[in-house]
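Summary of structural features
Single-letter residue listing:
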Number of protein chains: 2
Amino acid sequence: MDAGDGTAEGPAGLSARLGRGDLMAAECPSRAVLRHLTSRWGVLVLIALQSGTHRFSDLRRKVRGVSERMLAQTLQWLEADGMVKRRDFQVVPPRVEYALTPLGVEAAEKVRILADWIEISLPRIVANWEAGEPTE
Amino acid sequence: MDAGDGTAEGPAGLSARLGRGDLMAAECPSRAVLRHLTSRWGVLVLIALQSGTHRFSDLRRKVRGVSERMLAQTLQWLEADGMVKRRDFQVVPPRVEYALTPLGVEAAEKVRILADWIEISLPRIVANWEAGEPTE
DNA sequence: AACCTTTCTGTGCGTACTTACGGAAAGTCA
DNA sequence: TGACTTTCCGTAAGTACGCACAGAAAGGTT
């Protein structure tokens, strides 16, 4: 019965008629954007770029633990979505700089709010890990 | 030289001394929390629960496209982090209700900000997909 | 007795992410 | 000449994600 597929939108497409996305709809393109922005490294890259233009290796140093491969991959996603502007100096050895676009600045702000909350709330969250359910 | 491992924190641990997490540190536990909250379905589940307590199947209907397997998985992550409260009525057929904890309410607010922005900004983002780089 | 209900869990398997490793470019420096 | 620089890409390999499918539980209905 439940094919698990659909958006159950009308003939014209709800989100299309509204002029905005609908993340609860399975086939809405906004799902892809969410995946990029909230990808493992996407969040951290956006935040890192909030402090200004960075070279590739600077980002790699800042976002600790990311591999070259994944950093490049993540930056391509963000660039394709218009969040990040890539500037290639066309020299050897390569020199490439990344910066947030106006769209990226907005996204970074939103993501930053979540990140800050996590960092600040970590003690409370960790308490849950250790506490379990004593009486229940 | 670069082992790609470290947090480069001091002897006591920077984030530990500050009493908060540091997402840029590779080994900080806050990374796991970020992963849970920004997981493919985590974001959508939190938002769905903002409107109140839901049964499992209600959530599955609301968050279109999620499988039973992944919904259960996601809810377990969120429960372990103290974001979601699970209430099992211990009956057959099963009846289980999920609701946000005070911690979850806060997290959902932050995540919601990002989600709303994505939905509203989708037209601008899609424009980037189609535009490419015409002049460059 | 056979079937239905709901919320999961176990199995199997395909897809996607992620890492490690090696290579390429063109000029600089020993 | 050979080593070094930086930013990627190709490949192989490993891990985690995600789905379809089947099964289980206890009682009510047919």
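An account of the accompanying structure is given in this report. A quick note: this is a predicted structure, and the numbers were derived from the prediction, not measured.

In this section: the protein's contact with DNA strand C. Close contacts around DNA strand C come from 22 residues, with Val92 of chain A together with Glu68, Arg86, Pro94 and Tyr98 of chain B the closest. For DNA strand C, the fraction of atoms within 4 Å of the protein that belong to sugar or phosphate moieties is 55%. Within the backbone of Pro94 of chain B, a nitrogen or oxygen atom sits 3.1 Å from a sugar or linking oxygen of DNA strand C. For the surface near DNA strand C, the elements supplying multiple residues, two or more each, are α5 (68-80) of chain A together with α4 (56-62), α5 (68-80) and β3 (96-100) of chain B.

Here the focus is the interface of chain B and chain A. Taken residue by residue, the interface counts 57 residues in chain B and 57 residues in chain A. Around 5,200 Å² of area is buried between chain B and chain A when both sides are counted, 66% of it from carbon and sulfur atoms. Taken together, chain B and chain A are joined by four salt bridges. Put simply, Arg124 of chain A and Glu106 of chain B hold a salt bridge, and the shortest N to O gap is 2.8 Å. Where chain B packs against chain A, one counts 17 residue pairs in polar contact (both at pLDDT 80 or more). At 19 residues, the largest contribution of residues to the side of chain B that touches chain A is made by helix α6 (residues 102-131) of chain B. When its residues are assigned to classes, the side of chain B that touches chain A shows 30 nonpolar, 10 polar and 17 charged.

Before going further, it helps to spend a moment on the protein's contact with DNA strand D. Taken together, 20 residues sit near DNA strand D, with Ser57, Glu68, Pro94 and Tyr98 of chain A together with Val92 of chain B positioned nearest. Between DNA strand D and Phe56 of chain A, the relevant distance is 3.5 Å, taken from a phosphate oxygen to a main-chain nitrogen or oxygen of the residue. Between Ser67 of chain B and DNA strand D, the recorded distance is 2.9 Å, taken from a side-chain N or O atom to a phosphate oxygen. Residue assignment for the surface near DNA strand D shows that the elements contributing at least two residues are α4 (56-62), α5 and β3 (96-100) of chain A together with α5 of chain B.

All names here are of chain A. Where helix α3 (residues 42-49) contacts helix α6 (residues 102-131), the axes come no closer than 9 Å and their chain directions differ by 110°. Classified by the interaxial angle, the pair formed by α3 and α6 is roughly perpendicular. When you trace α3 past α6, the crossing you get is left-handed. Judged by residue contacts, Val43, Leu46 and Ile47 of α3 engage Ala108, Val111, Arg112 and Ala115 from α6. When grouped by side-chain class, the residues that make up the contact of α3 with α6 number six nonpolar, no polar and one charged.

When chain B is fitted to chain A, the residual RMSD is 0.0 Å, and the transformation amounts to a turn of 180° plus an axial shift of 0.0 Å. Taken together, the rotation and translation relating the two chain copies correspond to the operation of a two-fold axis. Residues of chain B ranked by C-alpha distance from the rotation axis are headed by Thr38 of chain B, positioned 2.7 Å from it. Interface overlap between copies is the fraction of interface residues in one copy that are interface residues in the other; for chain B against chain A it reaches 100%, indicating a shared surface.

Okay, the packing of aromatic side chains next. With the rule as written, the count across this model stands at zero aromatic pairs over all chains. Over the ring of Phe89 of chain A we find Arg95 of chain A; its NZ or CZ atom is 4.9 Å from the centre of that ring.

Residue and element names in this part refer to chain A. Read from one edge of the open sheet, three strands run β1-β3-β2, paired in antiparallel fashion. The sheet is open, and its two borders are formed by β1 (54-55) and β2 (84-88), each paired with just one other strand. As judged from the five bridges shared by β2 and β3, these two strands associate in the antiparallel manner. Along β3, the bridge assignment pairs Arg86 with Tyr98. Running over the sheet, α3 touches β1, β2 and β3 and is turned about 90° from β3.

Time to look at α5 of chain A. Residue and element names in this part refer to chain A. Taking 1.5 Å of rise per residue, the 13 residues of α5 would be expected to cover 18 Å, and the 18 Å separating its terminal C-alpha atoms lies within 8% of that figure. Turning to α5, its buried residues are Leu71, Thr74, Leu75 and Leu78. End-on view of α5: buried residues confined to an arc of 100°, all on one side of the axis. At its buried positions, α5 is contacted by α2 (30-37), α3, α4, β2 and β3. Positioned one or two residues after α5, Gly82 has a phi angle of 80°, which is positive.

Conventions we followed
Residues numbered from 1 in each chain as written. Chains lettered and ligands numbered in written order. Predicted model: local features only at pLDDT ≥ 70, side-chain atom pairs only at ≥ 80, totals over all residues. Heavy atoms only, no water. Near = heavy atom within 4 Å. Polar contact = N/O pair within 3.5 Å; in protein donor to acceptor, adjacent residues only side chain to side chain. Helix = DSSP H or I, 4+ residues; strand = E, 2+ residues; numbered from the N terminus. Contact = heavy atoms within 4.5 Å. Buried area = accessible area lost by both parts, 1.4 Å probe. Salt bridge = Lys/Arg side-chain N within 4 Å of Asp/Glu carboxyl O. Nonpolar A, V, L, I, M, F, W, Y, C, P; charged D, E, K, R; others polar. Axes fitted to C-alpha atoms, helices over the stretch in contact; angles between N-to-C directions. Parallel < 35°, antiparallel > 145°, perpendicular 65-115°, else oblique. Left-handed = near helix turned anticlockwise from the far one by under 90°. Least-squares fit on C-alpha atoms with pLDDT ≥ 70 in both. Phe/Tyr/Trp six-rings, centres within 6.5 Å; stacked < 30°, edge-to-face > 60°. Lys NZ or Arg CZ within 6 Å of the ring centre and 35° of its normal. Pairing = 2+ DSSP bridges. Expected span 1.5 Å × (residues − 1). Buried < 20%, exposed > 50% of the residue type's maximum accessible area, 1.4 Å probe, protein only. Arc of directions from axis to C-beta.

All we've got here are geometric facts, nothing functional implied.
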